[in-house]
Amino acid sequence: MISLTKTNLMIQVSIMTVFILSSLTACEDEDTGSENEETQSEQAISDEALADDLFEDMDEISMEAATYEENARMEGSVLNSLNCVSRTIERENPNSLSKRVTLTFSDGCEDASGRVRSGSIIVNHSIDFTSATYSVSTTFEDFYVNGHQIEGTRSLVYASDGKNLISATITLTNGKISLTDGSTITRNGSFTKMINHELGEVSLSGSASGVNRNGISYISEITRPLVYKVACASDGIFMASSGNKSISRAGRKTLELDYGDGICDRSLTLSADGVERTLEITINK
């Protein structure tokens, strides 16, 4: 049986990954050849950061909702720290472990990090004891985070070794972010998280694709698994400590991001057309 008490590490993992690249809005592509290319390279990285941030945030909230039990408290819970969100829980029968949870955030519902949510998310979850998997699927109804509207279906299937959650397969279908300026980002993706409880690490692999705010098609691919450490998060560093990601764009330069080889820091290397620069990243929540 999957132990629900082990989900706190998954929440820690989500907290680590919620803020991946969330402040890469000032990166410039050297040797762009034009101011327009510089701007679009900058926006491509910003769009990738924002999409990662918002949908990873949904993973954290969805896991909390799925593991929530009436009259229960979860240490470090975002939901339990808010008095501006209501929960509705539906089960097929009183003894069913599977359930549908609707979270409704009142307008201006702000958490401790300053993130403001409104609208509803619907979380469906089920447990398959035969395959030792735990499924969570999230959809959205008129849902906004910091003024950005979120749409699509985010599905996660967690695998267990009987005691611990050890992996998660993530699928994003028809993802869409309507930005506060009226532009949109679309996104579909497939990822796998491998969870190492002994080392306190999670590795992430996979890819995403869609159309950015400039109407340019893109593919974002993790070319070397991104590794996130609980120890780094404890030091306030919520980005990968190692791994590589590539962002290719139709008719534009490919952007390569290198997170290093395991040191807990805020630096990464950005390269385009073989020209490299090291960036020191300040994570903005």
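Our next topic: the pairing of strand β12 (residues 267–272). By the criterion of burial, β12 is predominantly enclosed, with five of the six residues buried. Linking strand β11 (residues 255–261) back to β12 in an antiparallel pair, the connection comprises five residues, with glycine 262 at a positive phi of about 115°. The hairpin turn running from β12 into strand β13 (residues 275–280), its antiparallel successor, is two residues long, and aspartate 273 in that turn takes a positive phi close to 55°.

Moving on, we come to the packing of aromatic side chains. The tally for this structure, following the rule as stated, stands at three aromatic pairs. Members of the aromatic cluster, joined through ring pairs, are Phe105, Phe140 and Phe143.

This structure, assessed with the given rule, holds 13 salt bridges. One salt bridge connects arginine 100 with glutamate 90, and the closest N-O pair in it is separated by 3.5 Å. Of this pair, arginine 100 sits in strand β2 (residues 99–110) while glutamate 90 sits in strand β1 (residues 85–90), placing them 10 residues apart in sequence. Since its relative accessible area comes to 34%, arginine 100 is described here as partly exposed. Salt bridges linked by common partners bring Glu56, Asp59, Arg154 and Lys193 together as one network.

Quick look at the state of the cysteines now. Applying the stated criterion to the full structure yields two disulfides. The disulfide partner of cysteine 84 is cysteine 109, and the gap between their sulfur atoms is 2.0 Å. Disulfide cysteine 84-cysteine 109: torsion about the S-S bond near 70°, hence right-handed. Taken as a pair, cysteine 84 in the loop between α2 (35–67) and β1 and cysteine 109 in strand β2 lie far apart in primary sequence, 25 residues in all. Residue cysteine 84 shares its accessibility class with cysteine 109, and that shared class is buried. Covalently, cysteine 232 is tied to cysteine 264 through a disulfide, its sulfur atoms 1.9 Å apart.

Before going further, it helps to examine the nonpolar core. Counting 59 residues, the largest nonpolar core has Leu103, Phe105, Ile121, Phe143, Ile150, Tyr158 and Ile177 as the members making the most contacts within it. In terms of residue count, α2 provides more of this core than any other element does, 11 residues in total. Beyond its immediate chain neighbours, meaning those up to four positions away, leucine 103 contacts Ile61, Ala65, Leu79, Val85, Ser86, Arg87, Gly119, Ser120 and Ile121.

Turning to its location among the elements, valine 116 is positioned in strand β3 (residues 116–128). Taking relative accessible area as the criterion, valine 116 reaches 26% and is therefore assigned partly exposed. Taking the C-alpha atoms as reference, valine 116 lies 8.0 Å from tyrosine 144; in sequence the two are 28 residues apart. Setting aside chain neighbours within four positions, we find valine 116 in contact with Gly108, Cys109, Glu110, Tyr144, Val145 and Asn146.

Okay, the side chain of serine 267 next. Relative to the helices and strands, serine 267 is located in strand β12. According to the relative accessible area criterion, serine 267 is buried, its value standing at 15%. A distance of 3.2 Å separates polar atoms of two side chains, one belonging to serine 267 and the other to aspartate 265.

Relative to strand β6 (residues 165–178), strand β5 (residues 148–160) runs antiparallel, the two sharing 11 bridges. Along β6, the bridge assignment pairs arginine 154 with leucine 172. In this structure, the hairpin formed by β5 and β6 is closed by a connection of four residues, where glycine 162 is found at a positive phi of approximately 105°. Examined bridge by bridge, β6 and strand β7 (residues 184–196) share 10 bridges and lie antiparallel to one another.

Moving on, we get to unusual backbone geometry. Of note in the backbone geometry, aspartate 142 takes a positive phi value of approximately 50° without being a glycine. Looking at the secondary structure, you find aspartate 142 in strand β4 (residues 133–145). Here asparagine 174, not a glycine, exhibits a phi torsion of approximately 55°, which is positive. Relative to the helices and strands, asparagine 174 is located in strand β6. Taking the relative accessible area as the measure of exposure, asparagine 174 reaches 58% and is therefore exposed.

Rules behind the numbers
Residues numbered from 1 in each chain as written. Predicted model: local features only at pLDDT ≥ 70, side-chain atom pairs only at ≥ 80, totals over all residues. Heavy atoms only, no water. Buried < 20%, exposed > 50% of the residue type's maximum accessible area, 1.4 Å probe, protein only. Helix = DSSP H or I, 4+ residues; strand = E, 2+ residues; numbered from the N terminus. Pairing = 2+ DSSP bridges. Phe/Tyr/Trp six-rings, centres within 6.5 Å; stacked < 30°, edge-to-face > 60°. Salt bridge = Lys/Arg side-chain N within 4 Å of Asp/Glu carboxyl O. Disulfide = S-S within 2.5 Å. Core = buried A, V, L, I, M, F, W, Y, C linked by side-chain atoms within 4.5 Å. Contact = heavy atoms within 4.5 Å. Polar contact = N/O pair within 3.5 Å; in protein donor to acceptor, adjacent residues only side chain to side chain.

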